[in-house]
Amino acid sequence: MSTDNLHKKLKIDLHSHTKYSDGHLTPQELVLRAHTMQVDVLAITDHDTLDALAEAHACQAEQKRPMTIVNGVEVSTRWHGFDIHIVGLNIDPASEYLQEKLQGQAAIRLERAKTIAEKLEKCGFSGVFERAQRLAGVGQITRAHFARVLVNNYGVASMDVVFKKYLGKGKRAAVKAQWPEMDEAIEWIQKAGGQAVLAHPAHYDMTTKWLRRLVAEFASAGGDAMETAFPGIGEDKRGIINELTLEHNLLASAGSDFHFPSRWTELGRNLGIASALTPVWHQWPMMATKQ
Ligand code: AMP
Ligand code: MN
Ligand code: MN
Ligand code: MN
(Lines give C-alpha, C1' and ligand atoms only; values in the text may rest on other atoms or scores of the structure.)
(Ligands and ions follow the chains in the order given, each with its own letter.)
Protein backbone atom coordinates (compact mmCIF):
# COMPACT_ATOMS: atom_id res chain seq x y z
CA MET A 1 0.00 0.00 0.00
CA SER A 2 1.40 3.38 -0.95
CA THR A 3 2.29 6.01 1.57
CA ASP A 4 1.83 9.70 1.18
CA ASN A 5 5.39 10.96 1.48
CA LEU A 6 5.13 12.95 -1.71
CA HIS A 7 2.23 15.01 -0.44
CA LYS A 8 3.14 15.30 3.22
CA LYS A 9 3.65 19.01 2.97
CA LEU A 10 0.37 19.78 1.26
CA LYS A 11 -2.58 20.93 3.29
CA ILE A 12 -5.59 19.16 1.85
CA ASP A 13 -9.21 19.68 2.95
CA LEU A 14 -11.84 17.83 0.95
CA HIS A 15 -15.09 18.83 2.67
CA SER A 16 -16.42 22.39 3.10
CA HIS A 17 -19.59 24.45 2.80
CA THR A 18 -20.66 27.91 1.65
CA LYS A 19 -23.80 30.03 1.84
CA TYR A 20 -25.18 28.03 -1.07
CA SER A 21 -26.06 25.44 1.56
CA ASP A 22 -25.57 25.80 5.33
CA GLY A 23 -22.11 27.40 5.42
CA HIS A 24 -21.85 30.97 6.69
CA LEU A 25 -19.29 32.25 4.17
CA THR A 26 -19.69 33.18 0.53
CA PRO A 27 -17.57 31.16 -1.93
CA GLN A 28 -15.20 34.15 -2.11
CA GLU A 29 -14.88 34.34 1.68
CA LEU A 30 -14.29 30.59 1.87
CA VAL A 31 -11.50 30.74 -0.71
CA LEU A 32 -9.83 33.65 1.12
CA ARG A 33 -10.12 31.85 4.45
CA ALA A 34 -8.53 28.76 2.91
CA HIS A 35 -5.59 30.91 1.79
CA THR A 36 -5.27 32.36 5.28
CA MET A 37 -5.15 28.82 6.64
CA GLN A 38 -2.47 27.89 4.06
CA VAL A 39 -4.68 25.26 2.43
CA ASP A 40 -3.28 23.92 -0.88
CA VAL A 41 -6.21 21.79 -2.04
CA LEU A 42 -9.81 22.64 -1.11
CA ALA A 43 -12.93 20.72 -2.10
CA ILE A 44 -16.17 22.68 -1.89
CA THR A 45 -18.93 20.21 -1.09
CA ASP A 46 -22.21 22.01 -0.47
CA HIS A 47 -25.30 20.00 0.43
CA ASP A 48 -26.99 18.92 -2.82
CA THR A 49 -25.82 21.88 -4.94
CA LEU A 50 -22.94 22.92 -7.21
CA ASP A 51 -23.81 26.62 -7.12
CA ALA A 52 -20.69 27.79 -5.25
CA LEU A 53 -18.15 26.29 -7.63
CA ALA A 54 -18.03 28.86 -10.44
CA GLU A 55 -17.70 31.79 -8.01
CA ALA A 56 -14.98 29.99 -6.07
CA HIS A 57 -12.94 29.31 -9.22
CA ALA A 58 -13.38 32.92 -10.34
CA CYS A 59 -12.12 34.14 -6.98
CA GLN A 60 -9.15 31.76 -7.04
CA ALA A 61 -8.24 32.97 -10.54
CA GLU A 62 -7.61 36.42 -9.03
CA GLN A 63 -5.31 35.14 -6.29
CA LYS A 64 -1.52 35.14 -6.47
CA ARG A 65 -1.08 32.17 -4.13
CA PRO A 66 -1.81 28.88 -5.88
CA MET A 67 -4.58 26.67 -4.53
CA THR A 68 -6.45 23.84 -6.20
CA ILE A 69 -10.22 23.96 -5.90
CA VAL A 70 -11.84 20.54 -6.24
CA ASN A 71 -15.38 20.47 -7.58
CA GLY A 72 -17.48 18.67 -5.00
CA VAL A 73 -20.94 18.06 -3.61
CA GLU A 74 -22.42 16.37 -0.53
CA VAL A 75 -25.45 14.30 -1.47
CA SER A 76 -28.13 13.49 1.13
CA THR A 77 -29.27 9.87 1.11
CA ARG A 78 -31.30 7.57 3.30
CA TRP A 79 -30.13 4.14 4.45
CA HIS A 80 -32.13 2.05 6.93
CA GLY A 81 -33.61 5.16 8.48
CA PHE A 82 -30.26 6.96 8.82
CA ASP A 83 -29.45 10.16 6.92
CA ILE A 84 -26.18 9.20 5.21
CA HIS A 85 -24.06 11.79 3.39
CA ILE A 86 -22.09 10.88 0.28
CA VAL A 87 -19.47 13.38 -0.83
CA GLY A 88 -18.65 13.55 -4.54
CA LEU A 89 -15.14 14.71 -5.46
CA ASN A 90 -14.00 15.92 -8.87
CA ILE A 91 -17.46 15.80 -10.31
CA ASP A 92 -18.03 17.61 -13.60
CA PRO A 93 -20.10 20.69 -12.69
CA ALA A 94 -21.37 20.80 -16.28
CA SER A 95 -22.94 17.33 -16.00
CA GLU A 96 -26.59 17.83 -16.92
CA TYR A 97 -27.34 14.42 -15.48
CA LEU A 98 -26.04 15.37 -12.04
CA GLN A 99 -27.61 18.82 -12.20
CA GLU A 100 -30.98 17.26 -12.89
CA LYS A 101 -30.62 14.87 -9.95
CA LEU A 102 -29.63 17.76 -7.68
CA GLN A 103 -32.70 19.71 -8.77
CA GLY A 104 -34.69 16.77 -7.46
CA GLN A 105 -32.79 17.04 -4.16
CA ALA A 106 -33.64 20.76 -3.96
CA ALA A 107 -37.33 19.94 -4.38
CA ILE A 108 -37.11 17.32 -1.61
CA ARG A 109 -35.39 19.89 0.62
CA LEU A 110 -38.12 22.47 0.08
CA GLU A 111 -40.92 19.98 0.75
CA ARG A 112 -39.19 18.69 3.87
CA ALA A 113 -38.62 22.28 5.08
CA LYS A 114 -42.36 23.01 4.84
CA THR A 115 -43.18 19.91 6.89
CA ILE A 116 -40.48 20.72 9.45
CA ALA A 117 -41.95 24.23 9.77
CA GLU A 118 -45.46 22.85 10.32
CA LYS A 119 -44.16 20.63 13.08
CA LEU A 120 -42.20 23.47 14.67
CA GLU A 121 -45.34 25.65 14.56
CA LYS A 122 -47.06 22.96 16.63
CA CYS A 123 -44.20 23.21 19.11
CA GLY A 124 -45.03 26.92 19.49
CA PHE A 125 -42.53 28.49 17.09
CA SER A 126 -44.63 30.56 14.70
CA GLY A 127 -43.22 32.08 11.53
CA VAL A 128 -40.16 29.85 11.35
CA PHE A 129 -40.51 28.95 7.68
CA GLU A 130 -40.18 32.52 6.41
CA ARG A 131 -37.26 33.18 8.73
CA ALA A 132 -35.40 30.00 7.75
CA GLN A 133 -36.03 30.69 4.08
CA ARG A 134 -34.72 34.23 4.41
CA LEU A 135 -31.61 32.93 6.18
CA ALA A 136 -31.04 30.32 3.46
CA GLY A 137 -31.41 33.02 0.77
CA VAL A 138 -30.48 31.60 -2.63
CA GLY A 139 -28.92 28.55 -0.98
CA GLN A 140 -30.38 25.13 -0.24
CA ILE A 141 -32.57 25.19 2.87
CA THR A 142 -31.25 22.85 5.57
CA ARG A 143 -32.10 21.83 9.11
CA ALA A 144 -29.15 23.97 10.20
CA HIS A 145 -31.10 27.07 9.05
CA PHE A 146 -34.05 26.12 11.24
CA ALA A 147 -31.65 25.50 14.11
CA ARG A 148 -30.08 28.93 13.67
CA VAL A 149 -33.50 30.60 13.57
CA LEU A 150 -34.55 28.90 16.80
CA VAL A 151 -31.33 30.02 18.49
CA ASN A 152 -31.34 33.57 17.09
CA ASN A 153 -35.05 34.39 17.26
CA TYR A 154 -36.71 32.07 19.76
CA GLY A 155 -34.18 31.83 22.55
CA VAL A 156 -33.24 28.15 22.26
CA ALA A 157 -29.83 27.73 23.92
CA SER A 158 -27.82 26.21 21.04
CA MET A 159 -28.04 24.44 17.72
CA ASP A 160 -27.14 21.24 19.49
CA VAL A 161 -30.18 21.66 21.78
CA VAL A 162 -32.40 22.25 18.73
CA PHE A 163 -31.22 18.99 17.17
CA LYS A 164 -31.52 17.08 20.45
CA LYS A 165 -35.04 18.35 21.19
CA TYR A 166 -36.64 18.96 17.82
CA LEU A 167 -34.78 18.12 14.62
CA GLY A 168 -32.81 14.97 15.42
CA LYS A 169 -33.98 11.50 14.47
CA GLY A 170 -37.26 10.63 16.22
CA LYS A 171 -37.67 14.09 17.81
CA ARG A 172 -40.75 16.32 17.71
CA ALA A 173 -40.06 18.11 14.43
CA ALA A 174 -38.11 15.34 12.71
CA VAL A 175 -39.24 14.59 9.17
CA LYS A 176 -38.30 11.56 7.12
CA ALA A 177 -37.15 13.11 3.87
CA GLN A 178 -37.56 11.22 0.62
CA TRP A 179 -33.83 11.09 -0.01
CA PRO A 180 -32.53 8.62 -2.61
CA GLU A 181 -30.82 5.39 -1.64
CA MET A 182 -27.09 5.46 -1.04
CA ASP A 183 -26.28 3.45 -4.19
CA GLU A 184 -28.19 5.98 -6.31
CA ALA A 185 -26.03 8.83 -5.03
CA ILE A 186 -22.89 6.82 -5.75
CA GLU A 187 -24.10 6.32 -9.30
CA TRP A 188 -24.93 10.02 -9.80
CA ILE A 189 -21.47 11.05 -8.63
CA GLN A 190 -19.61 8.47 -10.69
CA LYS A 191 -21.65 9.17 -13.83
CA ALA A 192 -20.60 12.81 -13.43
CA GLY A 193 -16.97 11.64 -13.43
CA GLY A 194 -16.44 11.90 -9.66
CA GLN A 195 -15.41 9.68 -6.80
CA ALA A 196 -17.98 8.80 -4.13
CA VAL A 197 -16.84 9.26 -0.54
CA LEU A 198 -18.68 8.15 2.59
CA ALA A 199 -18.74 11.33 4.70
CA HIS A 200 -17.91 11.59 8.45
CA PRO A 201 -18.61 7.91 9.28
CA ALA A 202 -18.27 8.53 13.03
CA HIS A 203 -21.15 11.03 13.09
CA TYR A 204 -24.16 8.87 12.31
CA ASP A 205 -25.18 7.98 15.86
CA MET A 206 -25.14 4.25 15.11
CA THR A 207 -23.56 1.25 16.79
CA THR A 208 -20.31 -0.21 15.48
CA LYS A 209 -22.31 -3.15 14.16
CA TRP A 210 -24.40 -0.81 11.98
CA LEU A 211 -21.30 1.12 10.95
CA ARG A 212 -19.66 -2.09 9.74
CA ARG A 213 -22.78 -2.89 7.74
CA LEU A 214 -22.92 0.64 6.30
CA VAL A 215 -19.31 0.55 5.11
CA ALA A 216 -19.74 -2.95 3.65
CA GLU A 217 -22.82 -1.86 1.68
CA PHE A 218 -21.15 1.37 0.57
CA ALA A 219 -18.16 -0.60 -0.73
CA SER A 220 -20.25 -3.25 -2.46
CA ALA A 221 -22.32 -0.51 -4.13
CA GLY A 222 -19.07 0.69 -5.71
CA GLY A 223 -18.20 3.54 -3.33
CA ASP A 224 -14.62 4.77 -3.78
CA ALA A 225 -13.45 6.24 -0.51
CA MET A 226 -14.26 7.04 3.09
CA GLU A 227 -13.40 10.05 5.23
CA THR A 228 -10.86 8.89 7.79
CA ALA A 229 -9.90 12.29 9.19
CA PHE A 230 -12.40 14.92 10.32
CA PRO A 231 -12.98 17.00 13.46
CA GLY A 232 -14.37 15.17 16.49
CA ILE A 233 -13.58 11.70 15.16
CA GLY A 234 -12.30 10.33 18.52
CA GLU A 235 -9.46 7.84 18.90
CA ASP A 236 -11.64 4.73 19.32
CA LYS A 237 -13.65 5.46 16.17
CA ARG A 238 -10.51 6.36 14.23
CA GLY A 239 -9.15 2.84 14.70
CA ILE A 240 -12.36 1.20 13.50
CA ILE A 241 -12.66 3.55 10.53
CA ASN A 242 -9.06 2.93 9.44
CA GLU A 243 -9.60 -0.81 9.80
CA LEU A 244 -12.81 -0.74 7.75
CA THR A 245 -11.16 1.40 5.06
CA LEU A 246 -8.43 -1.22 4.64
CA GLU A 247 -10.80 -4.18 4.91
CA HIS A 248 -12.99 -2.91 2.07
CA ASN A 249 -10.17 -1.58 -0.10
CA LEU A 250 -11.48 1.95 0.08
CA LEU A 251 -9.38 5.04 -0.51
CA ALA A 252 -9.00 7.50 2.36
CA SER A 253 -10.29 11.06 2.30
CA ALA A 254 -9.97 13.90 4.82
CA GLY A 255 -12.14 16.94 5.34
CA SER A 256 -13.03 19.47 8.01
CA ASP A 257 -16.74 19.76 7.08
CA PHE A 258 -16.15 23.47 7.54
CA HIS A 259 -19.29 25.61 7.92
CA PHE A 260 -17.82 28.66 9.72
CA PRO A 261 -14.71 29.33 11.78
CA SER A 262 -15.03 27.91 15.28
CA ARG A 263 -13.00 26.39 18.08
CA TRP A 264 -13.83 22.92 16.82
CA THR A 265 -13.59 23.29 13.09
CA GLU A 266 -11.09 25.08 10.91
CA LEU A 267 -10.09 24.61 7.30
CA GLY A 268 -7.21 22.21 6.80
CA ARG A 269 -6.56 21.55 10.49
CA ASN A 270 -5.51 18.09 11.79
CA LEU A 271 -6.49 16.20 8.66
CA GLY A 272 -3.64 13.71 8.38
CA ILE A 273 -4.55 10.23 7.22
CA ALA A 274 -2.87 7.02 8.38
CA SER A 275 0.16 6.11 6.27
CA ALA A 276 -1.18 2.57 5.72
CA LEU A 277 -4.11 4.01 3.75
CA THR A 278 -4.15 5.11 0.12
CA PRO A 279 -5.31 8.73 -0.23
CA VAL A 280 -8.29 9.41 -2.45
CA TRP A 281 -6.10 11.85 -4.43
CA HIS A 282 -3.34 9.32 -5.23
CA GLN A 283 -4.19 9.28 -8.93
CA TRP A 284 -5.45 12.82 -9.36
CA PRO A 285 -3.59 14.34 -12.32
CA MET A 286 -3.52 17.76 -10.65
CA MET A 287 -1.53 16.31 -7.72
CA ALA A 288 1.17 14.86 -9.95
CA THR A 289 2.55 18.35 -10.62
CA LYS A 290 2.61 19.33 -6.96
CA GLN A 291 5.20 18.43 -4.35
P1 AMP B 1 -29.85 18.67 6.51
O2 AMP B 1 -28.83 18.35 5.44
O3 AMP B 1 -30.83 19.71 6.07
O4 AMP B 1 -30.49 17.46 7.09
O5 AMP B 1 -29.06 19.37 7.69
C6 AMP B 1 -28.00 18.71 8.29
C7 AMP B 1 -26.95 19.72 8.72
O8 AMP B 1 -27.26 20.20 10.01
C9 AMP B 1 -25.59 19.08 8.84
O10 AMP B 1 -24.89 19.13 7.63
C11 AMP B 1 -24.92 19.93 9.88
O12 AMP B 1 -24.31 21.04 9.26
C13 AMP B 1 -26.05 20.43 10.73
N14 AMP B 1 -26.15 19.70 12.01
C15 AMP B 1 -26.52 18.43 12.21
N16 AMP B 1 -26.51 18.12 13.53
C17 AMP B 1 -26.13 19.24 14.18
C18 AMP B 1 -25.94 19.58 15.56
N19 AMP B 1 -26.15 18.70 16.55
N20 AMP B 1 -25.54 20.84 15.84
C21 AMP B 1 -25.33 21.73 14.87
N22 AMP B 1 -25.50 21.48 13.56
C23 AMP B 1 -25.90 20.25 13.21
MN1 MN C 1 -24.12 21.05 6.96
MN1 MN D 1 -22.65 15.84 6.29
MN1 MN E 1 -20.79 18.57 5.22
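Here the structure is shown first, and the text comes after it.
Everything numeric here is computed off the predicted structure, so don't read it as measured data.

Quick word on the nonpolar core
At step 1: Ranked by size, the top nonpolar core spans 72 residues in total, and within it Leu14, Ile84, Ile86, Leu89, Leu198 and Leu214 carry the most contacts.
At step 2: Beyond its immediate sequence surroundings of up to four residues, Leu14 is in contact with Val41, Ala43, Thr45, Val70, Val87, Leu89, Ser253, Ala254, Gly255, Val280, Trp281 and Trp284.
At step 3: Counting 20 residues, the second largest nonpolar core, distinct from the first, contains Ile116, Ala132, Ala136 and Leu167.

So, the sheet that holds strand S5 (residues 195-198)
At step 1: In space, the seven strands of this open sheet follow the order S1-S2-S3-S4-S5-S6-S7, with mixed pairing throughout. Edge positions in the sheet fall to strand S1 (12-13) and strand S7 (251-254), since each has one partner strand and no second.
At step 2: Here four bridges tie strand S4 (residues 82-89) to S5, and the two strands are oriented antiparallel to one another. Counted as the bridge partner of Ile86 is Leu198 from S5.

Here's the deal with the coordination of the manganese ion (ligand 3)
At step 1: Every protein donor of the manganese ion (ligand 3) is accounted for by Glu74 (OE), His85 (ND1) and His200 (NE2), and the metal-donor separations fall at 2.1 to 2.2 Å.
At step 2: Ordering the donors of the manganese ion (ligand 3) by residue number gives the pattern E-x10-H-x114-H.
At step 3: A spacing of 5.5 Å is found between the manganese ion (ligand 3) and the manganese ion (ligand 2). One end of the pair, Glu74, is in strand S3 (residues 68-79); the other, His85, is in strand S4, with 11 residues separating them in the sequence. One exposure class covers both Glu74 and His85, and it is buried.

What to know about the environment of Gly239
At step 1: Position of Gly239 relative to the elements: it lies in helix H9 (residues 235-247).
At step 2: You can call Gly239 partly exposed: its relative accessible area is 39%.
At step 3: Along the sequence, Gly239 and Thr115 sit 124 residues apart, while their C-alpha atoms lie 39 Å from each other.

Brief notes about the packing of helix H8 (residues 208-220) against H9
At step 1: Put simply, H8 and H9 touch, their axes get as near as 10 Å, and they point 30° apart. Comparing the axis directions of H8 and H9 gives the class roughly parallel. The way H8 lies across H9 gives a crossing that is right-handed. Where H8 abuts H9, its residues Thr208, Leu211, Arg212 and Val215 lie against Ile240, Glu243, Leu244 and Glu247.
At step 2: Considered class by class, the residues forming the contact of H8 with H9 number four nonpolar, one polar and three charged.

Some thoughts on the site of ligand 1
At step 1: Neighbouring residues of ligand 1: Asp22, His47, Arg109, Arg112, Thr142, Arg143, Ala144, Met159, Asp160, Phe163 and His259.
At step 2: Between Arg143 and ligand 1, the recorded distance is 2.8 Å, taken from a side-chain N or O atom to an oxygen atom.
At step 3: One nitrogen or oxygen atom from the side chain of His259 is found 3.0 Å from an oxygen atom belonging to ligand 1.
At step 4: Burial of ligand 1 by the protein chains amounts to 77% of its free accessible area of 500 Å².

Calculation notes
- Residues numbered from 1 in each chain as written.
- Chains lettered and ligands numbered in written order.
- Predicted model: local features only at pLDDT ≥ 70, side-chain atom pairs only at ≥ 80, totals over all residues.
- Heavy atoms only, no water.
- Core = buried A, V, L, I, M, F, W, Y, C linked by side-chain atoms within 4.5 Å.
- Buried < 20%, exposed > 50% of the residue type's maximum accessible area, 1.4 Å probe, protein only.
- Contact = heavy atoms within 4.5 Å.
- Pairing = 2+ DSSP bridges.
- Helix = DSSP H or I, 4+ residues; strand = E, 2+ residues; numbered from the N terminus.
- Donors = N, O, S within 2.8 Å, 3.2 Å for Na, K, Ca; no water.
- Axes fitted to C-alpha atoms, helices over the stretch in contact; angles between N-to-C directions.
- Parallel < 35°, antiparallel > 145°, perpendicular 65-115°, else oblique.
- Left-handed = near helix turned anticlockwise from the far one by under 90°.
- Nonpolar A, V, L, I, M, F, W, Y, C, P; charged D, E, K, R; others polar.
- Near = heavy atom within 4 Å.
- Polar contact = N/O pair within 3.5 Å; in protein donor to acceptor, adjacent residues only side chain to side chain.
- Areas by Shrake-Rupley, 256 points an atom, 1.4 Å probe, with all protein chains shown as cover.

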